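# Descriptive analysis of the structure
These are the residues of each chain, in order.
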Amino acid sequence: MADKYVGKRVKRTEDPRLIKGLAHYVDDIGLPGTLHVAFVRSMYAHARITGIDTSEALKVPGVVAVYTGKDIATKIGPVPCAAALPDLKVPDYRVLATDKVLFVGHPIAAVVATDKYAARDAAEILYPGVELEELPAVVSIIDGVPTTPVIHEHFGDNIAYKLTSGEGDIEAAMKAADRIVKQKMIHQRLAPIAMEPRGVLARYFPGEEELTVWSSTQIPHLLRTQLALMIGIPENKLRVITPEVGGGFGSKLNVYAEEALLGWISMQLGKPVKWIESRRENVAATIHGRAQVGTVEVGIKNDGTITGLRYNVVADLGAYHQLLTPAIPTLTGLMLSGAYKIPAIQMNVTGVFTNKMSTDAYRGAGRPEATYVVERVMDVIARELNLDPIEVRRKNFPKADEFPFHTATGLDYDSGDYEAALKKALDLSGYQKLREEQKKARDNGKLIGIGLSSYVEICALGPSQAMPAGGWESATVRIEPTGKVTVLTGASPHGQGQETSFAQIAADEVGVDLNDVTVIHGDTGIVQYGIGTFGSRATAVGGTAVLIAIHKLKEKAAKIAAHMMQCDASRLSFEAGCYSKQEAAAAAVTGKSEPVVPVGEGPAGALHEVPTPTNGRNKITIQEIALAAHIAKELPPDTEPGLSATYFFEPKNFTFPFGTHICVVEIDKDTGETKIIKYVAVDDCGKVINPLLVDGQVHGGIVQSIGQALYEEVVYDEQGQLVTGELMDYALPRASQMPWFDTDRTETPSPVNPLGVKGVGEAGTIGATPAIVNAVVDALSPYGVKHLDMPVRPEAVWRIIRAPEG
Amino acid sequence: MIPAQFDYARANTLDEALNLLAQNEDAKILAGGHSLIPAMKLRLMQPPLLIDIGRIKDLSYIDEADGQIRIGAMTTHYQIESSDLLKRMCPLLPECASHIGDMQVRNKGTIGGSLAHSDPAADWPAAALALNAELVAVSKDGERTIKADDFFVDLLTTALNPGEILREIRINKNGSSQAYVKMPHPASGFAIVGVAANLIMNGSNECTSARIGITGVAAKAYRATGVENAMAGSQLNEAAIATAAKHVSDNTDINGDLFASADYRRHLAAVYTRRAIQTAASRV
Ligand SMILES: Cc1cc2nc3c(=O)[nH]c(=O)nc-3n(C[C@H](O)[C@H](O)[C@H](O)COP(=O)(O)OP(=O)(O)OC[C@H]3O[C@@H](n4cnc5c(N)ncnc54)[C@H](O)[C@@H]3O)c2cc1C
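Residues numbered from 1 in each chain as written. Chains lettered and ligands numbered in written order. Predicted model: local features only at pLDDT ≥ 70, side-chain atom pairs only at ≥ 80, totals over all residues. Heavy atoms only, no water.

## Overview of the overall build of chain A
Our working definition: A run of H or I in DSSP becomes a helix once it reaches four residues, and a run of E becomes a strand once it reaches two; helices and strands are each numbered from the N terminus. In this setup the radius of gyration rests on C-alpha atoms only. A globule is expected at 2.2 Å times the number of residues raised to 0.38. Two residues qualify as a contact provided that any one of their heavy atoms is within 4.5 Å of a heavy atom in the partner residue. Accessible surface is estimated by sampling points in the Shrake-Rupley manner with a 1.4 Å probe; for residues, cover comes only from the protein chains shown.
A tally of regular secondary structure across chain A gives 20 helices and 28 strands. Taking 2.2 N^0.38 as the reference for a compact globule, 806 residues should give roughly 28 Å; the C-alpha atoms of chain A span a radius of gyration of 28 Å, in line with that estimate. Summarising the internal contacts of chain A: among those between residues at least 6 apart in sequence, 80% fall at separations of at least 24. Of the roughly 28,900 Å² of accessible surface on chain A, 52% is carried by carbon and sulfur atoms.

## A word on the site of the ligand
Residues and elements named next belong to chain B. Quick reminder of the rule: We call a residue near a molecule or strand when any one of its heavy atoms sits within 4 Å of it. Think of a polar contact as two N or O atoms within 3.5 Å of one another; within protein, one of them needs to be a possible hydrogen donor and the other a possible acceptor, and neighboring residues in sequence only count if both atoms come from side chains. Nonpolar residues are Ala, Val, Leu, Ile, Met, Phe, Trp, Tyr, Cys and Pro. Charged residues are Asp, Glu, Lys and Arg, and all others, Gly as well, are polar.
Close to the ligand lie 30 residues; Ile 29, Gly 33, His 34, Ser 35 and Thr 110 are nearest. Measuring from an oxygen atom of the ligand, one finds a backbone N or O atom of Gly 33 at 2.7 Å. At the level of secondary structure, the elements contributing two or more residues to the shell around the ligand comprise strand S2 (28-30), helix H7 (111-117) and strand S10 (165-172). With four residues, H7 is the largest single contributor of residues to the shell around the ligand. Residue composition of the shell around the ligand, by class: 14 nonpolar, 13 polar and three charged.

## Digging into the interface of chain B and chain A
Test applied: Buried area is calculated as the accessible area (1.4 Å probe) missing from two parts once they are joined, with the contributions of both summed. Each reported salt bridge corresponds to a side-chain nitrogen of Lys or Arg within 4 Å of a carboxyl oxygen of Asp or Glu.
Listed as interface residues are 25 residues of chain B and, on the opposing side, 28 residues of chain A. Approximately 2,100 Å² of surface area, both sides summed, lies buried where chain B meets chain A, with 59% of it carried by carbon and sulfur atoms. Area buried by chain B at its contact with chain A is led by Ile 2, Leu 258 and Tyr 264 of chain B, which between them contribute 26% of it. Counting across the interface, chain B meets chain A through four salt bridges. Put simply, Asp 668 of chain A and Arg 275 of chain B hold a salt bridge, and the shortest N to O gap is 2.9 Å.

## Comments concerning the sheet that holds strand S15 (residues 344-353) of chain A
Residues and elements named next belong to chain A. Stated precisely, the cut-off is as follows: Strands are labelled as partners when DSSP assigns at least two bridges between them. Only the stretch in contact is used when fitting a helix axis, every axis being a line fitted to C-alpha atoms; angles between N-to-C directions are given from 0 to 180 degrees.
Overall, mixed pairing links the five strands, which are arranged S7-S15-S14-S13-S8 in an open sheet. Of all strands in the sheet, those bounded by a partner on one side alone are strand S7 (159-165) and strand S8 (179-190). Here the average twist between neighbouring strands, direction ignored, is 10 degrees. Where S8 lies against strand S13 (residues 289-300), eleven bridges are found, and the strand directions are antiparallel. Of the residues in S13, the one forming a bridge with His 187 is Gln 292.

## Thoughts on the sheet that holds strand S11 (residues 238-241) of chain A
Residue and element names in this part refer to chain A. Strands sit in the order S3-S5-S1-S12-S9-S10-S11 across an open sheet of seven strands; the sheet is mixed. Across the chains shown, the open sheet's two edge strands, defined by having one partner strand only, are strand S3 (63-68) and S11. Neighbour-to-neighbour, the strand axes of this sheet turn through a mean angle of 20 degrees, independent of strand direction. The sheet contact formed by strand S9 (residues 199-205) and strand S12 (residues 273-276) spans four bridges and is antiparallel.

## Points about the domain arrangement of chain A
All names here are of chain A. Which entries qualify depends on this criterion: Throughout, the edges of the domains are those of an automatic or database domain assignment.
Each domain of chain A was delimited in the assignment, giving domain 1 (412-458 + 654-806) and domain 2 (463-649). If you average the C-alpha positions of domain 1 and of domain 2, the two centres end up 42 Å apart. Residue-level contacts link 16 residues of domain 1 with 18 residues of domain 2. Carbon and sulfur atoms supply 67% of the area that domain 1 and domain 2 bury against each other, a total of about 1,200 Å² over both sides. Area buried by domain 1 at its contact with domain 2 is led by Phe 654, Ile 689 and Leu 755, which between them contribute 38% of it.

## Quick word on the packing of helix H18 (residues 691-711) of chain A against helix H19 (residues 763-779) of chain A
Residue and element names in this part refer to chain A. The condition that has to hold: An angle counts as roughly parallel when it lies under 35 degrees, as roughly antiparallel when it exceeds 145, as roughly perpendicular when it falls between 65 and 115, and as oblique in every other case. Here a crossing is taken to be left-handed if its near helix is turned anticlockwise relative to the far helix by less than a right angle, and right-handed if that turn runs clockwise.
Here H18 crosses H19 at 45 degrees, and the two axes come no closer than 7 Å. Classed by the angle they form, the pair H18 and H19 counts as oblique. Here H18 and H19 pass one another in a crossing that is right-handed. In this structure, H18 uses Val 698, Gly 701, Ile 702, Gln 704, Ser 705, Ile 706, Gln 708, Ala 709 and Leu 710 to contact H19, whose residues at the interface are Gly 764, Thr 765, Ile 766, Ala 768, Thr 769, Ile 772, Val 773 and Val 776. Grouping the amino acids of the contact of H18 with H19 by side-chain chemistry returns ten nonpolar, seven polar and no charged.

## What about the pairing of strand S21 (residues 517-520) of chain A?
Two faces, one strand: in a regular strand the side chains alternate between the faces of the sheet. Put simply, the rule is: Each residue is assigned to one of three classes by its accessible area relative to the maximum for its type, calculated with a 1.4 Å probe on protein chains only: buried under 20%, partly exposed between the two thresholds, exposed over 50%. By the criterion used throughout, a crossover qualifies as right-handed when its path from the first strand across the helix to the second strand runs clockwise, the strands pointing away from the viewer.
Side-chain alternation along S21 of chain A places Val 517 and Val 519 of chain A on a buried face and Thr 518 and Ile 520 of chain A on a face that remains uncovered. For the crossover from strand S20 (residues 485-489) of chain A across helix H14 (residues 498-510) of chain A to S21 of chain A, the handedness is right-handed.

## Some remarks on helix H1 (residues 14-23) of chain B
Residues and elements named next belong to chain B. So the rule is basically this: Regarding the arc, it is the one traced by the directions from the helix axis to the C-beta atoms.
Where H1 is concerned, the buried positions are Leu 14, Ala 17, Leu 18, Leu 20 and Leu 21. With its buried residues spanning 165 degrees around the axis, H1 presents them on a single face. Among the exposed residues of H1, those pointing more than 90 degrees away from its buried face are Asp 15 and Gln 23. Those residues of H1 hidden inside the fold are in contact with strand S1 (7-10), S2, strand S3 (49-52), strand S6 (134-139) and S10.

## Thoughts on the side chain of Thr 307 of chain A
Residues and elements named next belong to chain A. Its location among the elements puts Thr 307 in strand S14 (residues 306-318). In this structure Thr 307 comes out as buried when scored by relative accessible area, which is 8%. A polar contact of 2.8 Å, which involves the side chain of Thr 307, links it to the backbone oxygen of Ala 173.

## So, the packing of aromatic side chains
All names here are of chain A. Spelled out, the test is: Centre distance within 6.5 Å is the pairing criterion for rings of Phe, Tyr and Trp, where only the six-membered ring of Trp is used; planes under 30 degrees apart are then read as stacked, over 60 as edge-to-face, and the remainder as tilted. Placement of a positive charge over a ring is assigned whenever Lys NZ or Arg CZ falls within 6 Å of the ring centre and within 35 degrees of the normal to the ring plane.
For the structure shown, the criterion picks out 18 aromatic pairs over all chains. Measuring from centroid to centroid gives 5.9 Å for Phe 155 and Phe 353, while their planes differ by 20 degrees, and the two rings are stacked. Residue Phe 155 is located in the loop between strand S6 (130-134) and S7, and its partner Phe 353 is located in strand S15; the two are separated by 198 residues in the primary sequence. The class for Phe 353 is buried, based on a relative accessible area of 0%. Seen from their ring centres, Phe 403 and Phe 405 are 6.0 Å apart, and the 55 degrees between their planes marks the pair as tilted. With relative accessibility at 14%, the residue Phe 403 sits in the buried group. Taking NZ or CZ as reference, Arg 537 lies 5.2 Å from the ring centre of Phe 534, over its face.

## Structural notes on the side chain of Arg 376 of chain A
Residue and element names in this part refer to chain A. Note the threshold: Within this scheme the basic residues Lys and Arg register as positive and the acidic residues Asp and Glu register as negative, but His and the chain ends are omitted.
Structurally, the position occupied by Arg 376 is in helix H10 (residues 367-385). Nearest to the buried, unbridged Arg 376 among oppositely charged side chains is Asp 379, at 4.6 Å. A polar side-chain atom of Arg 376 sits 3.1 Å from the main-chain carbonyl oxygen of Lys 786. For Arg 376, the residues in contact, after removing those within four places along its chain, are Met 185, Thr 371, Pro 770, Val 773, Asn 774, Val 777, Lys 786 and His 787.

## A word on the confidence of the model for chain A
Here is the rule we go by: Confidence of the prediction at every residue is given by pLDDT, a number between 0 and 100.
Of the residues in chain A, 95% have a pLDDT of 70 or more, and the chain-wide mean is 94. Note that residues 584-611 of chain A has pLDDT below 50 and, in this model, 37 contacts with residues that lie over four places away or in other chains.

## Observations regarding unusual backbone geometry
Cis geometry is adopted by the peptide bond preceding Pro 404 of chain A, which originates at Phe 403 of chain A and carries an omega value of -5 degrees. Each neighbour pair has its own omega, and for Leu 461 of chain A with Gly 462 of chain A the value is -25 degrees, a cis peptide bond. Mapped onto the fold, Gly 462 of chain A is located in the loop between strand S18 (447-456) and strand S19 (473-479). The phi dihedral of Ser 536 of chain A falls on the positive side, at around 45 degrees, and the residue is not glycine. Position of Ser 536 of chain A relative to the elements: it lies in the loop between S21 and helix H15 (538-564). Ser 536 of chain A gets classed as buried once you look at its relative accessible area, which sits at 13%. For Arg 43 of chain B, which is not glycine, the phi dihedral falls at a positive 60 degrees.

## Some thoughts on the domain arrangement of chain B
Residue and element names in this part refer to chain B. You can read the domains of chain B as domain 1 (7-52), domain 2 (57-172) and domain 3 (177-281). Once you take the C-alpha centre of each, domain 2 and domain 3 turn out to be 20 Å apart. Counting residues at the interface gives 24 residues for domain 2, matched by 21 residues for domain 3. Summed over both partners, the interface of domain 2 with domain 3 comes to about 1,900 Å²; 55% of that surface belongs to carbon and sulfur atoms. Its largest share of buried area at the contact with domain 3, domain 2 owes to Pro 120, Leu 129 and Ala 130, together 25% of the area lost on that side. Run the count over domain 2 and domain 3 and you get three salt bridges. In this structure, the salt-bridge partner of Asp 149 is Arg 223, at a minimum N-O distance of 2.7 Å. Counting only elements with at least two residues in the side of domain 2 that touches domain 3, the list comes to helix H5 (92-98), helix H8 (124-130) and strand S8 (152-154). It is H8 that contributes the most residues to the side of domain 2 that touches domain 3, five residues altogether.

Here it is in structure tokens:
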């Protein structure tokens with residue numbers, strides 16, 4: 001591959017339309033005659049529905065229909081859960097509540113009207129018509145599994161599943177330890193808060209018996225399959241389109257009740273129907289993330305060597321299972337070895353039902369919890385043994401030559417050099433000097449803290465064996481008659497920038513100008529089946545599919561080229577989009593070669609310029625070959641016309657990016673406020689296709705980590721009321737609160753895919769959180785603090801600082 | 001996030017607005033809309049009629065007359081923040097404005113709207129109290145002046161009568177030393193605690209008199225008279241200021257919420273009061 005684009009800071013081709021407001025999100029799509037849906041949602045966490053009177057709502061001018069749970073219970077299948085765990089209890093999750101409401105925001109009825117205002121008004125009018133008998137709610141898991149009341153009565157208790165995972169003899173490992181360090185940790189509930197909330201537009205074509213659903217989703221094809229099953233329409237009569245998607249962070253890696261209901265309503269009424277989620281609905285009824293309370297126990301030798309790690313955890317699943325809800329904590333179990341050699345690991349997880357919105361995949365999805373547990377406890381160990389946190393980490397790192405490296409969680413880390421990333425981060429931050437400054441500051445009564453995190457994450461999800469529904473990704477690459485290159489990817493980028501990075505891969509591999517490549521995604525009517533964008537997989541799996549599809553395409557192109565130049569394919573060389581006979585290539589050096597159509601200057605030529613016959617030519621561009629392949633007058637025998645190839649790439653393993661983040665904080669002694677004064681991130685995501693995109697992913701991820709560490713929490717009160725129901729209460733991090741990020745990289749290629757890439761979409765949210773909390777705890781260590789739970793609000797810090805004063 | 005149905009009327013003159021208001025008891029004045037519209041979208045407020053005073057020309061100005069600064073009720077936060085006249089004569093106002101929301105909010109929201117709304121965590125009420133502002137209210141029956149001290153009655157409640165519109169804010173020029181400091185709520189940006197300090201000092205680093213306005217701490221903005229009394233005649237040294245600041249929550253019911261309990265807020269109020277006084281004192 002001639003790297004004209006790969007590895008370069010190519011600006012995102014998506015951005016002009018986004019910046020100029022020319023992009024089309026679901027709400028920007030207007031169809032004549034569209035009806036609008038508003039939902040009546042529960043204001044209680046737990047209540048029995050004893051009756052619904054829709055008559056007043058139906059009287060509102062413009063109202064076309066009102067649907068309740070009873071109306072549709074037998075007509076639309078349940079909201080699906082794809083996670084398969086042994087003895088998992090799966091509640092029947094209807095798209096509208098039937099007998100009970102189980103969380104604030106649970107949809108009870110859907111009002112359909114000719115405009116969104118009438119729909120909203122009628123929903124307000126309907127709510128008092130819903131008779132609810134309030135029940136006590138199951139809310140907190142802080143003190144273990146809540147026993148009463150039982151949310152799903154027929155299950156007998158609130159436990160959805162119990163699972164033990166890990167390898168090695170944990171009891172022996174703990175016995176072999178000189179001491180055991182134990183720490184309880186809370187991973188608070190977070191709301192993903194994509195900039196664009198969810199939205200659905202559904203249009204049924206009664207004549208064709210076809211349904212098109214536009215949805216703001218990360219998984220158009222998986223959604224199509226599931227919706228077809230839920231609504232009962234043949235999958236090949238259903239088309240899912242994801243127009244521009246304004247962020248997902250995993251929250252749109254799901255199949256939601258509203259998506260099925262809108263499709264079904266459109267089929268009932270024969271009209272387009274639309275629903276755009278409000279921010280309040282978004283906070284209440286789009287999946288949440290994290291929400292684990294666990295205790296980690298680590299056996300250690302006095303020199304800091306870890307002998308074993310056990311993590312007992314309760315996971316707050318919410319009221320129902322969304323697509324992957326119960327599976328998320330299992331990802332935590334997979335990553336509990338972190339960046340370390342730990343001979344024995346065990347996770348015991350209990351997934352519990354609560355009267356809250358479901359938890360599911362939020363950026364990092366189970367791995368941030370693992371990383372936080374491991375990286376936080378490394379600091380606890382360092383304190384226990386009075387060692388520098390760096391020493392404890394170094395002591396337990398696998399060496400670069402120990403890869404592939406098997407963990408006691410059952411994984412094989414592909415490649416890594418953890419020491420190199422750590423060292424680079426230490427150098428970049430001036431760690432030794434920072435420690436000296438910290439000492440001086442302490443002597444002057446200032447509270448400075450330094451925290452680090454040497455994380456490993458699991459990306460490129462993943463081999464199909466380890467995934468609920470296929471872990472491959474697909475690509476089709478076509479060269480059109482005019483020489484333009486079309487890439488159809490099964491990935492579904494929604495902010496990551498793969499329209500740019502996949503075009504970079506394709507442009508280099510085909511040897512054309514970047515502007516000649518268009519990347520198409522997110523339309524099941526156009527793109528071959530795909531899996532979607534999540535789990536930091538799109539480039540490692542989907543990008544590889546693009547690459548290999550091009551290899552396939554070029555095999556054919558080379559055959560045609562050889563035929564056109566009347567030579568054997570083995571005599572051809574390929575460079576910069578051009579096939580040359582080998583002697584001709586030599587001639588080119590001496591300047592005697594024939595002129596070829598310059599690459600990047602538009603189409604290979606109009607039809608009348610077809611270079612036939614090609615006898616005697618020594619060079620031919622792949623774009624010319626594309627035209628010849630379509631005109632099909634000059635093809636080798638038994639060759640299919642056209643020039644396109646499709647490839648479904650099945651990865652053999654996950655990839656394991658890693659890095660070290662270092663955070664320095666200063667704490668205001670008067671108020672307890674934490675300010676990040678320095679942030680250094682050294683990430684290794686394997687080969688880098690576009691450093692600009694990687695930086696963007698790292699920055700955004702760190703911001704969300706800062707949010708988790710210091711600000712964000714979805715709070716339900718004792719009655720299960722959602723206290724942080726809007727952005728006036730739910731504290732998202734703001735640009736003005738952000739420090740400067742010093743980012744750098746090491747580059748350890750992955751052997752798992754030919755691109756050598758690993759993935760970087762979630763690194764920031766996985767690696768950064770513990771570095772920040774470690775820094776805060778470090779700053780407060782003069783007060784004897786060993787651990788603080790997130791979000792570390794100023795009040796909690798203030799209480800520690802003022803404690804000695806009484 | 002769609003408000004209930006309402007009617008809309010645009011007043012071209014103050015008289016027109018007053019007439020409409022007199023005829024429609026439940027109508028609401030629409031100024032910058034940055035408190036009213038969010039409340040309507042959540043259907044917490046459902047006024048049947050909005051009377052838009054945004055196009056009335058002579059309600060937006062910053063002038064000087066009779067030894068007073070006069071600010072029209074429809075003057076935006078941004079106009080105040082960027083006013084050279086105010087930066088010279090009453091720097092507390094631009095400083096306070098700069099703490100409000102973001103640029104979009106400051107470009108639309110008005111000082112009159114904020115005062116009339118009397119949000120317990122809004123910034124302007126603290127400044128109005130510290131500056132001993134006079135608020136000019138008009139109705140069909142004529143005009144009256146209300147002292148800031150009497151204006152903030154309770155949570156979201158002011159001394160404005162039905163049918164009255166806040167027309168002007170007046171502030172006496174007195175060459176004082178001023179400062180506004182604030183700890184914003186991490187989500188809303190409103191004040192967890194906001195302190196406006198307005199000190200008259202003599203040449204020998206002594207505080208002759210002080211007015212301290214506090215917001216974010218209680219159900220309404222209030223004057224910290226305990227602090228003011230302790231400061232009056234006191235030296236402006238660190239110890240004296242810190243001691244005085246501790247009186248900030250005397251006889252006050254303190255708010256508590258998820259972000260800051262009452263205890264913590266009480267402490268913050270003292271810290272920020274100390275900082276406000278110190279900053280003002282440093283600006284002689
Ligand atoms: C995102 C956001 C962030 C914000 N952050 C802050 C902040 O940090 N600090 C802060 O202090 N404020 C903040 N605000 C509120 C903002 O300052 C508002 O502009 C202000 O509170 C109200 O002014 P307004 O002109 O928008 O009034 P409106 O919203 O139009 O009116 C508010 C109320 O006052 C009444 N009213 C308005 N004008 C008059 C008048 N002349 N006479 C009688 N009654 C009148 C209205 O009828 C209504 O009841 C924020 C607002 C938003 C949306």
